[in-house]
Amino acid sequence: MQGKDITQKVLEKYNDVFADILNVLLFDGRNVVDESTLTDALPMSMLKIDGRVRSQERDIAKYWRKSKINVALFGLENQTVANKLMPLRVFGYDGAEYVKQSRKENSDKAKYPVITLVLYLGYEKRWNYPKTLFEVLDIDEDIKPYVNDFKINLFEIAYLDREKIDLFKSDFRILADYLYQMRVNRDYIADETTIEHVEELLTLMSAMTGDNRFEETINELKGKENVNMCEVLDRVEARGIKKGIEQGIEKGRQEGIINILISLVNDGILSVYEAASRADMSVEDFKKYINKN
C-alpha cells in the first residue's frame, strides 16, 4: 500500500498532471487552472494534541496563484481503499491551513479557500464509508443544530463516466482509463496515447498491478520519444515470455540433473544422502522424487 501511495504522489506532483485533475474533476475539462499558476505548498503541518506537537502530511498540496496572490490552496489525497474516517482527516488538513492564515504574521494578507480532492483509486467496489462529518460523529439531537457539517470532495476515478475520463489530457488519463477498464472488463487494452512522464507512470502501474515488469521496462525506454502503453505492454509481454522460457530451461536442466543422480543412486554409486545434497534438496524431498519417478 505504501508503494502505491508514494508512486501516486510522484506522478501527481507534476503541474500538468495536477492541473489536469483539477480542470476535469472540478471544471468539466475547461482550462481554468493553468499549470504555470501552480506552486508547491508544504504538505506537512504541525498541531498540538494533548500537549504534544504532532505532524500531519497531505499527499500533494499546491497554491493556485494569480499576480503573486494566492487564489486557493488545492490538496490531493489518494485512497486505494475506502477510509471511514476520511472526513476527519480532510477536516484536519483544511483546518490547519486556515489556522495558518489566522496567525498574526498573516493578518494583513488576503485570505483564500482551501479545497481538498479525495481521489479514490479502487475499482473492486464503491466507496462505502462516510463522506460527511455528520456521518462520522455520534451527535446528540439536542446539540445537532449547533454542529457544523463538513463534506469531502470525493471522486471515484474508476466509476467516472467514459466521457469524463476522455477529458483528461495528462498521463492521469492513462491511469483513469486503466481503472475504468479493470472495473468494467476486468482487463486492460491500451491505446496509443503518448506518455509524458514515462518512469513515474510505469512505476505507478507496477505498484497498482503488482507486476514488476512495468518497472523493468523503464531502462529500455529511456531517451525514447513518443512512448505509449501499447509499446509498453508489448515489452511487458515479451519479458514475460522470455522469463517463462528461461524458467522452463532451468526447470528442465534441474530435472535432468536429478534424474542422473537417481541413476547413480540406483547403481549404488551414490547414497541417497549424497545425491540429495548435490541436488540441493532435503533427503525426504529427494526420496519423494524417486518414488514419483
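Residues numbered from 1 in each chain as written. Predicted model: local features only at pLDDT ≥ 70, side-chain atom pairs only at ≥ 80, totals over all residues. Heavy atoms only, no water.

## Some remarks on a positive patch on the surface
On the surface, Lys100, Arg103, Lys109 and Lys111 cluster together to form a positively charged patch. With respect to the helices and strands, the residue arginine 103 is situated in the loop between α3 (86-102) and β6 (114-120). Among the residues examined, arginine 103 registers a relative accessible area of 40% and is labelled partly exposed. (Patch = residues over 30% accessible without salt bridge, like charges linked within 9 Å, V, L, I, M, F, W, Y side chains within 5 Å. Areas by Shrake-Rupley, 256 points an atom, 1.4 Å probe, with all protein chains shown as cover. Salt bridge = Lys/Arg side-chain N within 4 Å of Asp/Glu carboxyl O. Lys, Arg positive; Asp, Glu negative; His and termini not counted. Charge placed at Lys NZ, Arg CZ, Asp CG, Glu CD. Helix = DSSP H or I, 4+ residues; strand = E, 2+ residues; numbered from the N terminus. Buried < 20%, exposed > 50% of the residue type's maximum accessible area, 1.4 Å probe, protein only.)

## Points about the pattern of salt bridges
Applying the stated rule across the entire model yields 11 salt bridges. Note that lysine 62 and aspartate 40 form a salt bridge whose closest N and O atoms lie 2.3 Å from each other. With lysine 62 in strand β4 (residues 60-66) and aspartate 40 in strand β1 (residues 38-40), this residue pair connects regions lying 22 residues apart in the sequence. Here aspartate 40 falls in the exposed class, since its relative accessible area comes to 60%.

## A short note on a negative patch on the surface
A surface patch of negative charge is lined by Asp138, Asp140, Glu141 and Asp142. Of note, glutamate 141 is situated in the loop between α4 (133-136) and β7 (153-156).

## Some details on the packing of aromatic side chains
Applying the stated criterion to the full structure yields 6 aromatic pairs. Summarising the aromatic geometry, the rings of tyrosine 63 and tyrosine 112 are spaced 5.9 Å apart at their centres and angled 90 degrees between planes, so their arrangement reads as edge-to-face. Of this pair, tyrosine 63 sits in strand β4 while tyrosine 112 sits in the loop between α3 and β6, and the two are 49 residues apart along the sequence. Here tyrosine 63 matches tyrosine 112 in class, with each residue buried. (Phe/Tyr/Trp six-rings, centres within 6.5 Å; stacked < 30°, edge-to-face > 60°.)

## Some details on the side chain of aspartate 177
In this fold, aspartate 177 is placed in helix α6 (residues 172-185). Non-local contacts of aspartate 177, meaning those with residues more than four positions away in its chain, are made with Arg162, Ile165, Tyr188 and Ile189. (Contact = heavy atoms within 4.5 Å.)

## Here we look at the sheet that holds β7
Strand order across the open sheet formed by 5 strands is β1-β4-β5-β6-β7, with mixed pairing between neighbours. With partners counted over all chains shown, the strands left at the sheet margins are β1 and β7, one partner each. Adjacent strand axes in the sheet meet at a mean angle of 30 degrees when their direction is disregarded. Packed onto the sheet, α3 meets β4, β5 (69-79) and β6 and runs at close to 155 degrees relative to β6. (Pairing = 2+ DSSP bridges. Axes fitted to C-alpha atoms, helices over the stretch in contact; angles between N-to-C directions.)

## What to know about the nonpolar core
One finds Leu25, Leu119, Ile157, Phe172, Leu179 and Met229 to be the most contacted residues of the largest nonpolar core, which totals 50 residues. Mapped onto this core, the elements with two or more residues apiece are α2 (15-27), β4, β5, β6, α6, α7 (198-209), α9 (218-221) and α10 (229-266). Among all residues touching leucine 119, those that are not within four sequence positions of it are Glu12, Ile21, Leu25, Leu76, Glu77, Asn78, Gln79, Phe155, Ile157 and Phe172. (Core = buried A, V, L, I, M, F, W, Y, C linked by side-chain atoms within 4.5 Å.)

## Concerning α2
For an α-helix, the turn length of 3.6 residues means that residues three or four places apart are oriented alike. Among the 13 residues that make up α2, 10 are buried, leaving the element largely enclosed by the rest of the structure. Along α2, the residues classified as buried are Val17, Phe18, Ala19, Asp20, Ile21, Leu22, Asn23, Val24, Leu25 and Phe27. Of the residues one or two after α2, aspartate 28 is the one with positive phi, at around 55 degrees.

## Side note on unusual backbone geometry
Here aspartate 28, not a glycine, exhibits a phi torsion of approximately 55 degrees, which is positive. As for its position among the elements, aspartate 28 is in the loop between α2 and β1. With relative accessibility at 56%, the residue aspartate 28 sits in the exposed group. Here the phi dihedral of asparagine 226 falls at roughly 55 degrees; this positive angle occurs in a residue that is not glycine. Its place among the elements puts asparagine 226 in the loop between α9 and α10.

## A short note on the side chain of asparagine 106
Along the chain, asparagine 106 turns up in the loop between α3 and β6. Not counting the four nearest positions on each side in its chain, asparagine 106 is found in contact with Lys100, Gln101 and Lys111.

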